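Structure at a glance
Here is how the chains run, residue by residue.
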Amino acid sequence: MKVLLSVLVFSFTLAANAAQITSATYDGRTDEIVVKVIYGGCALETFKPTYGACMETYPAQITVTLDDTQDRCKGLIPGTVRVPAPEGCRPAYVSVKTARGGRATDSVFVPETME
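The rules behind each value
Residues numbered from 1 in each chain as written. Predicted model: local features only at pLDDT ≥ 70, side-chain atom pairs only at ≥ 80, totals over all residues. Heavy atoms only, no water. Helix = DSSP H or I, 4+ residues; strand = E, 2+ residues; numbered from the N terminus. Buried < 20%, exposed > 50% of the residue type's maximum accessible area, 1.4 Å probe, protein only. Contact = heavy atoms within 4.5 Å. Areas by Shrake-Rupley, 256 points an atom, 1.4 Å probe, with all protein chains shown as cover. Disulfide = S-S within 2.5 Å. Salt bridge = Lys/Arg side-chain N within 4 Å of Asp/Glu carboxyl O. Pairing = 2+ DSSP bridges. Axes fitted to C-alpha atoms, helices over the stretch in contact; angles between N-to-C directions. pLDDT = per-residue confidence, 0-100.

Counting its regular elements, the protein chain contains 1 helix and 7 strands. Taking all 115 residues of the protein chain together, 37% fall into the buried category. Considering only contacts within the protein chain whose residues lie at least 6 apart along the sequence, 60% involve residues at least 24 apart. Looking at the protein chain as shown, the accessible area adds up to about 7300 Å², and 59% of this sits on carbon and sulfur atoms.

A complete count under the given rule lists 1 disulfide for this structure. The side chain of Cys54 participates in a disulfide bridge whose partner is Cys89; the two sulfur atoms lie 2.1 Å from each other. Disulfide Cys54-Cys89: the torsion about the S-S bond is 85 degrees, which places it as right-handed. With Cys54 in the loop between β3 (47-51) and β4 (60-68) and Cys89 in the loop between β5 (76-84) and β6 (92-98), this pair connects stretches of sequence that are 35 residues apart.

Summed over the entire model, instances satisfying the criterion amount to 4 salt bridges. Note that Arg29 is salt-bridged to Asp27, the shortest N-O span being 3.4 Å. Accessibility expressed as a relative area gives 70% for Arg29, which makes it exposed. Asp27 sits in the buried class, given a relative accessible area of 11%. Notably, a salt bridge pairs Arg82 with Glu32, separated by 2.7 Å at the nearest N-O pair. With a gap of 50 residues between them, Arg82 in strand β5 and Glu32 in strand β2 (residues 32-40) connect regions that are remote in the sequence. You can call Arg82 partly exposed: its relative accessible area is 38%. Within the structure, one salt-bridge network assembled from shared partners comprises Asp27, Arg29, Glu32 and Arg82.

One open sheet holds the 4 strands; their spatial order is β3-β4-β6-β7, and the pairing between them is mixed. In the strand order of this sheet, the two ends are held by β3 and β7 (108-110), each with one partner. Across the sheet, the axes of successive neighbouring strands diverge by a mean angle of 35 degrees, strand direction being ignored. Pairing analysis gives 3 bridges linking β6 to β7, with the strands arranged antiparallel. Within the sheet, the bridge partner assigned to Ala92 lies in β7 and is Val110.

Moving on: the confidence of the model for the protein chain. On average, residues of the protein chain score 77 in pLDDT, and 72% of them are at 70 or above. Across the protein chain, the element-wise mean pLDDT spans from 35 in helix α1 (residues 2-17) up to 93 in β7. Across residues 1-16, where pLDDT falls below 50, the model places 2 contacts with residues more than four positions away in sequence or in other chains.

Time to look at the pairing of β4. With 5 bridges connecting them, β3 and β4 associate as antiparallel partners. In the strand pairing of β4, Tyr51 is matched with Val64.

Structure representation (structure tokens):
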């Protein structure tokens, strides 16, 4: 019973510290998707974007997953992540999600050319 309790507490701590996306918008001046996140930790984190497959619809659809390092600190840190807009998949609706089971954002429209 003691081992099971330890596993449940550890799982809860990881879930509580997972990054959460609060909003995402497209910045046409820099051709980036600006993602507002809140994540658990005591240090600034680096988020690495991984681009999914470009679904051939019109406009196209693609998901970008933000993978982050995670520390065990319980502080909540708000931050902004700037993700380059996907190349070769435009115009497109882009959904952004976190790698640790976070819910995807509503789609952000990325036009065919920079605004």
